[in-house]
Amino acid sequence: MPPIQKPSDHYDLVVIGGGSGAMGMSRRAASYGTKVAVIEEDGRLGGTCVNVGCVPKKLMWHAADVAESLDHASDYGFPGVKRPAFDWRTFAKKRDDYVKMLNGVYDRNLAKDGVDYISGRGALTGPKSVEVAMRDQDGKFEGEKKTITADHICIAVGGRPVIPSDKDVPGASLGIDSDGFFALKEQPKRVAVVGAGYIAVELAGVFNTLGTETHLLIRHDTFLRSFDPIIAETLQEHMGKTGLNVHKRTNIKKVEGQKGGPLTLHLDSGKTLEVDCLLWAVGRRPNTDYLGLDKAGVKTEDKSGNIVVDEYQQTNVPNITCIGDVAGKALLTPVAIAAGRRLSNRLYGPEGLRGKDKLSYDDIPTVVFSHPTSGTVGLTEPEAREKYGDDQIKVYQSKFRAMYFGMVGEDHKEPTAYKLVCQGKEEKVVGVHIVGMGSDEIMQGFGVAVKMGARKKDLDDTVAIHPTSAEELVTMR
Ligand SMILES: Cc1cc2nc3c(=O)[nH]c(=O)nc-3n(C[C@H](O)[C@H](O)[C@H](O)COP(=O)(O)OP(=O)(O)OC[C@H]3O[C@@H](n4cnc5c(N)ncnc54)[C@H](O)[C@@H]3O)c2cc1C
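Residues numbered from 1 in each chain as written. Predicted model: local features only at pLDDT ≥ 70, side-chain atom pairs only at ≥ 80, totals over all residues.

Moving on, we get to the overall build of the protein chain. Within the protein chain, the regular secondary structure consists of twelve helices and 21 strands. Its C-alpha radius of gyration of 24 Å places the protein chain within 12% of the 23 Å reference for a compact globule of 477 residues. In terms of overall dimensions, the protein chain has C-alpha extents of about 65 × 60 × 45 Å along its principal axes. Residues counted as buried form 46% of the 477 residues belonging to the protein chain. (Helix = DSSP H or I, 4+ residues; strand = E, 2+ residues; numbered from the N terminus. Rg over C-alpha atoms; globule rule 2.2 N^0.38 Å. Buried ≥ 20, exposed ≤ 12 C-beta atoms within 10 Å, placed from the backbone.)

Further remarks concern the packing of helix H3 (residues 54-73) against helix H4 (residues 88-113). Where H3 meets H4, the axes come as close as 10 Å, and the angle between the chain directions of the two elements is 145°. In the packing of H3 onto H4, the handedness of the crossing is right-handed. On the side of H3, the interface is formed by Val55, Pro56, Leu59 and Ala63, while H4 contributes Phe91, Arg95, Tyr98, Val99 and Leu102. Taken together, the residues that form the contact of H3 with H4 break down as eight nonpolar, no polar and one charged. (Axes fitted to C-alpha atoms, helices over the stretch in contact; angles between N-to-C directions. Left-handed = near helix turned anticlockwise from the far one by under 90°. Contact = placed C-beta atoms within 7 Å. Nonpolar A, V, L, I, M, F, W, Y, C, P; charged D, E, K, R; others polar.)

Looking now at the domain arrangement of the protein chain. Here the protein chain is partitioned into domain 1 (10-51 + 92-160 + 285-348), domain 2 (172-282) and domain 3 (366-474). Put simply, the middle of domain 1 and the middle of domain 3, counted by C-alpha atoms, are 36 Å apart. (Domains from an automatic or database assignment.)

When the UniProt feature table is mapped onto this chain numbering, "binding site: FAD" (unreviewed entry) sits at Lys58, Gly122 and Asp325. Across 268 residues of sequence, these annotated residues are also dispersed in space, with a maximum C-alpha separation of 30.0 Å. Mapping Gly122 onto the fold places it in strand S4 (residues 121-126). Given 27 C-beta atoms within a 10 Å radius, Gly122 is considered buried. (UniProt positions renumbered as here; feature names shortened; annotations may be inferred.)

Once that is clear, we can look at the sheet that holds strand S11 (residues 252-257). Overall, antiparallel pairing links the three strands, which are arranged S11-S12-S13 in an open sheet. Edge strands, defined here as strands with exactly one partner in the open sheet, are S11 and strand S13 (272-275). Going from strand to strand, the sheet's axes swing by 20° on average, the running direction of each strand aside. Examined bridge by bridge, S11 and strand S12 (residues 263-267) share five bridges and lie antiparallel to one another. Within S12, the position partnered with Val255 by the bridge is Leu265. (Pairing = 2+ DSSP bridges.)

What follows covers the sheet that holds strand S18 (residues 374-378). Spatially, five strands are ordered S17-S18-S21-S20-S19 in an open sheet, and the strand pairing comes out antiparallel. Since the sheet does not close on itself, it has two edges, and those belong to strand S17 (366-368) and strand S19 (393-400), each with one partner. Pairs of neighbouring strands in the sheet enclose a mean axial angle of 15°, with direction left out of account. Alignment of S19 against strand S20 (residues 416-423), held across eight bridges, turns out to be antiparallel.

Attention now moves to unusual backbone geometry. The omega torsion across His371 and Pro372 is 0°, close enough to zero to call that bond cis. Take Pro372: it is sitting in the loop between S17 and S18. Between His466 and Pro467 the backbone carries a cis peptide bond, its omega angle lying at -5°. Looking at the secondary structure, you find Pro467 in the segment after helix H12 (456-460). Backbone geometry at Arg249 places phi at a positive 45°, although glycine is not the residue there. Looking at the secondary structure, you find Arg249 in the loop between strand S10 (245-247) and S11. Overall, the presence of 11 C-beta atoms within 10 Å leaves Arg249 in the exposed class.

Attention now goes to the site of the ligand. Close contacts around the ligand come from 35 residues, with Gly17, Gly19, Gly47, Gly158 and Gly324 the closest. Elements with a contribution of two residues or more to the shell around the ligand: helix H1 (20-31), strand S2 (36-40), helix H2 (47-52), H3, S4 and helix H9 (333-348). Considering only residue class, the shell around the ligand consists of 15 nonpolar, 14 polar and six charged. (Near = placed C-beta within 6 Å.)

Of all five residues in S2, five are buried; the element is thus mostly enclosed. Across the two faces of S2 the burial is the same, with Val36, Val38 and Glu40 and Ala37 and Ile39 all buried. In this structure, strand S1 (residues 10-16) lies alongside S2, joined through four bridges in parallel fashion. The residue bridging Leu13 from the neighbouring strand is Val36, located in S2. For the crossover from S1 across H1 to S2, the handedness is right-handed. One ladder, built from four bridges, connects S2 with strand S3 (residues 116-119); its direction is parallel. Across the sheet, the residue bridging to Ile39 is Ile118, located in S3. (Right-handed = clockwise from strand over helix to strand, strands pointing away.)

On to H4. The end-to-end C-alpha distance of H4 is 37 Å, a good match for the 38 Å that 26 residues give at a rise of 1.5 Å each. For H4, the set of buried residues is Ala92, Arg95, Tyr106 and Leu110. At its buried positions, H4 is contacted by H1, S2, H3 and S3. Directly beyond the C-terminal end of H4, a positive phi value near 80° is found at Gly114. (Expected span 1.5 Å × (residues − 1).)

Below you can see the structure in the form of structure tokens.
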């Protein structure tokens, strides 16, 4: 279903943004009989996750995973199987078609639930009113304008990638960002990815696994620094063996060349690096520039620009709430969705939930689609030691080779490393950190265990599933 053409003048709830958070919030609110509208400026629903985030990223990761399996095929009794060159152009088209199909699913879901989808850019004009600017023929938001009012407004506008300014790094704009990654029509032969967060690690991993000469430039000695050290250490050591070049303590001073490459990167070490594509994955900022926050008096954090909310997603303006990336906490799709659903429960839900429900931001499990994948929940070892003191913390750790790699040649073997961080006499499991094949799928269940307050003894009392890697997590001594 396309967006509606004639929005009502007044709604119970207007959600600005049509991404993960908005979907969770609006559909749950509509299920309680609330009259809801979602305003999305991008021309398609789904937001970052569906269009330029989790979904197309995971498909690229799957492509890389298939490439790895092809490398292992001859070791698994398929003699002569060799990996052919990856057809980036064809796969990218297929991936984009899949995303388009999902956009349609999102359209239909809103229509089915009776949520009005308004295509345009929303801006607050007061605490209870939003002006929607439609696109004109040139695609600018200078078309028809319509003001709608609402008893409640939820801001769910997400964020966007940042790249350094040309003033700070001359030529920086010759590079692309993570959105640009998904717009690449051809596979670059040589790429430099700048950044140390999970997006940088994931995209560098995809490039490298699919055969691009890949350089990952990080400012410090390690990447994924907010994760437990076992993850970064294990991945970093392994990456060296896979040919992914990690340049530690490296910054770009200047970029020369043409948009679309080749590019010469002048590094602060005095060396240069020649690449065909430069990808900045150095952070994201909230999409608040056109939102009219000042007109409604909504407060933002000074430095980050994130909208300030309390534990109930409440801004400083009574009838305006905010969810998802733009609130700056745990920037993940399931977090945005869960925050939105629970907020609707609190505002419109049945007794027991109304006035109360909220998302707990503790113990959120998450995964990095690295090669191999990694997963984490709870406190890292340094965080746990800091919080409880060294004498309260016991760490169980195991490094081993998954059985799968027993069959493959030395060049293709991958590591597995697991860590349990336990606290107190009872050995409550306060952190689980894993890296190795299958970690992405293993993590969800251990996320439940940690959330339920499992102790080491509870893991020990659970019978192992054999032969798997995950069994190690219930048999560690
Ligand atoms: C490369 C990449 C990979 C990722 N991988 C994962 C992953 O594997 N797992 C995971 O959990 N998370 C992942 N994320 C993060 C995830 O995509 C976000 O946390 C999630 O999309 C946030 O949802 P949101 O609703 O807050 O914002 P968004 O999904 O960004 O939605 C906000 C929407 O608001 C719209 N908008 C902005 N301003 C206006 C306006 N003024 N008027 C109308 N509409 C507006 C935008 O166009 C956008 O569609 C990834 C992100 C990136 C960039």
